[in-house]
Amino acid sequence: MSEFKSDFLRTLKERGFIHQISDESGLDDLFAKETVTAYIGFDPTAPSLHAGSLIQIMMLHWMQKTGHRAISLMGGGTGMVGDPSFKEEARQLMTVDTIEGNIASIKRVFSNYLNYGDGPKDALMINNAEWLRSLNYLEFLRDVGKHFSVNRMLSFDSVKTRLDREQSLSFLEFNYMILQAYDFVELAKRYDCRLQMGGSDQWGNIVNGIDLGHRMGTQQLYALTSPLLTTSSGAKMGKSATGAIWLNADMLSAYDFWQYWRNTEDADVSRFLKLYTTLPMDEIARLSALGGSEINEVKKILATEVTAILHGREAAEQAAETARKTFEEGGLSENLPSVDVPASELDAGIGLLSLIVRAGLASSNGEARRHVQGGAVRINDEAVSDERKMIGSGEITADGIIKLSLGKKKHILIRRAAQAASIPNRYRSRRPRRLFFASLFGSASKIIELPAGIPRHLVWSLEKIARRIDAGSGLQPRPPADREDRRRHFRLQRNHQEVFGTDDRLLRFQPHALFRRKRSVGNRDGHHGGRCKRNCPGALHGILRHCTGRCLLTGTA
């Protein structure tokens, strides 16, 4: 279609969002004459979406910006199956708690792009678990499954690629496209949703939904897909050499997010300005015409504008200023990413390779060694060539930090941190943990971040709590269930006594005692002194304070 009448499709076309539309003229007429509701689905496969999902989020943004209603559909139901589209192997299955925890974490991003509410044009956030988890399997097969042709489903590219490579496709995954099609029909019936959007790899699944809607008596439904983006060099969007470009600030700092966009390849700058910013098209045309050294200034504008939408204007400008001080003035900014290392480790000395891995500049000692051998690593701006070098308190500058650099663009500040307790490493957890507490004591759901290094038996107890919390009714009284459970409890208790000594008040805490509701803190069960303002169970409050200095459930010191 040469020119669209509707603002929405015209905006999407001029900015490069459109790959395919099922019925261009019909959809354009619909947008031109009424307020349209459209949705995009997001499966919660991780606690955060990454930059590869931004193109879909921006499509929803422009949907609302041009006067229509956007739905962000969370895959609380489909996430239990996993989308097999163009995947080489089946996704790892997740528990319901993991899915709900991921959804709670992901939700925070969308409010930066969409305005949610109850108005006719306010965005909606819906979880397909509302209708999928309660389905009766036999009724679903009879009422919905009869409309699907296996022959047709096998013809979709997303399925053929797996079969052509002789890679197994489970019956569970094969059902995903049926569930996604059913989502479209349910949204059409419940919210008068007429359009599903997504990446071009979703075309077959979306068309399935249109066909199912036709067979089940909905109004005419439509499909619109965006191109699957790669950079000019062929790299996948949302990925970098150091890992995924997460959208959640607690998984990737605003500074690192800004740096990702600042390092955009020259050939991608104009395209990314159209897709990922809200700058007017005439301003984008002016910036795209700049060349030579001026292209670097355009990249800074791109990075600042994209970061401002996600993290806020202040955080974006702060990231830009941090980069300017670091790279242009050669100074040291307090806003650079930092890693805390216990004082005891720095005093004893920590290996350079281990420090590089801990700072996230390499994924393994082997990769760190290659960086050192290639001359890319610097400590306090001085090149380091000895891979066996020990980094200790002697490298701490007058500012109280150690500046660890990889190449010219990656800098991490190493800070000296007091150790929580003098506990041998063999009793500490070796990796961070994320615990999800559903509807805890009448409050909203809560995700607790437990850093690496917390005593293992305390981590184990908190995991037990997370599994046994019943929404709306607090903690369930449940002692160690079986012999192995009791044996493990007493073994951990002995470890605790060996580490803390018999006089430590936490020695008397019993893991199963945590499942009793307590209103006060500092009693004979070994709780720490003080009262939690939200009256969470005393033992839980005490343990979290012991590990982190505050109650992570309520924020109380």
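None of these values were measured; they are calculated from a predicted model. (Residues numbered from 1 in each chain as written. Predicted model: local features only at pLDDT ≥ 70, side-chain atom pairs only at ≥ 80, totals over all residues. Heavy atoms only, no water.)

Focus on the sheet that holds strand E2 (residues 37-42)
Logical step 1: The sheet built from 6 strands is open, its strands ordered E1-E6-E5-E2-E3-E4 with mixed pairing. Both edges of this open sheet fall to strand E1 (20-21) and strand E4 (124-127), since each of them pairs with a single strand only.
Logical step 2: Taken together, the 2 bridges between E1 and strand E6 (residues 222-226) define a ladder with antiparallel strand orientation. Looking at the pairing, glutamine 20 lines up with threonine 225 of E6.
Logical step 3: Contacts between helix H3 (residues 54-65) and the sheet are confined to E2, strand E3 (69-74), strand E5 (193-199) and E6, with E2 contributing the most and set at about 160 degrees to the helix.
Logical step 4: The sheet contacts of helix H10 (residues 176-191) involve E2, E3, E4, E5 and E6, and relative to E5 the element is tilted by about 145 degrees. (Pairing = 2+ DSSP bridges. Helix = DSSP H or I, 4+ residues; strand = E, 2+ residues; numbered from the N terminus. Contact = heavy atoms within 4.5 Å. Axes fitted to C-alpha atoms, helices over the stretch in contact; angles between N-to-C directions.)

Remarks on the packing of helix H13 (residues 269-276) against helix H14 (residues 281-288)
Logical step 1: As a packed pair, H13 and H14 sit with axes 9 Å apart at the nearest point and diverge in direction by 165 degrees. Classed by the angle they form, the pair H13 and H14 counts as roughly antiparallel. Handedness of the H13/H14 crossing: right-handed. Across the interface between the two elements, Ser270, Leu273 and Lys274 of H13 pack against Met281, Ile284, Leu287 and Ser288 of H14. (Parallel < 35°, antiparallel > 145°, perpendicular 65-115°, else oblique. Left-handed = near helix turned anticlockwise from the far one by under 90°.)

Section: the side chain of threonine 304
Logical step 1: Tracing the backbone shows threonine 304 in helix H15 (residues 294-311).
Logical step 2: Within polar-contact distance, the side chain of threonine 304 engages the side chain of tryptophan 258 at 3.0 Å. (Polar contact = N/O pair within 3.5 Å; in protein donor to acceptor, adjacent residues only side chain to side chain.)

With respect to the nonpolar core
Logical step 1: If you look at the biggest cluster of nonpolar residues, it comprises 67 residues, and the most contacted ones within it are Met197, Trp261 and Tyr276.
Logical step 2: If we ignore the near neighbours within four places in the chain, the residues touching methionine 197 are Phe8, Ala38, Tyr39, Ile40, Met59, Leu60, Met63, Ile206 and Leu224.
Logical step 3: Of all hydrophobic cores here, the second largest spans 31 residues; its members include Met177, Leu179, Leu187 and Ile206. (Core = buried A, V, L, I, M, F, W, Y, C linked by side-chain atoms within 4.5 Å. Buried < 20%, exposed > 50% of the residue type's maximum accessible area, 1.4 Å probe, protein only.)

Digging into a nonpolar patch on the surface
Logical step 1: The grouping of Tyr137, Leu138, Leu141 and Phe171 at the surface amounts to a nonpolar patch, some 470 Å² of accessible area in total.
Logical step 2: Mapping phenylalanine 171 onto the fold places it in helix H9 (residues 171-174).
Logical step 3: The exposure class assigned to phenylalanine 171 is exposed, which follows from its relative accessible area of 57%. (Patch = residues over 30% accessible without salt bridge, like charges linked within 9 Å, V, L, I, M, F, W, Y side chains within 5 Å. Areas by Shrake-Rupley, 256 points an atom, 1.4 Å probe, with all protein chains shown as cover. Salt bridge = Lys/Arg side-chain N within 4 Å of Asp/Glu carboxyl O.)

Observations regarding the pairing of E2
Logical step 1: Counting buried positions along E2 gives 5 out of 6 residues, so the element sits mostly inside the fold.
Logical step 2: Taken together, the 6 bridges between E2 and E3 define a ladder with parallel strand orientation. Residue pairing for E3: glycine 41 is matched across the bridge by leucine 73.
Logical step 3: In the classification by handedness, the crossover that spans E2, the intervening H3 and the parallel E3 is right-handed. (Right-handed = clockwise from strand over helix to strand, strands pointing away.)

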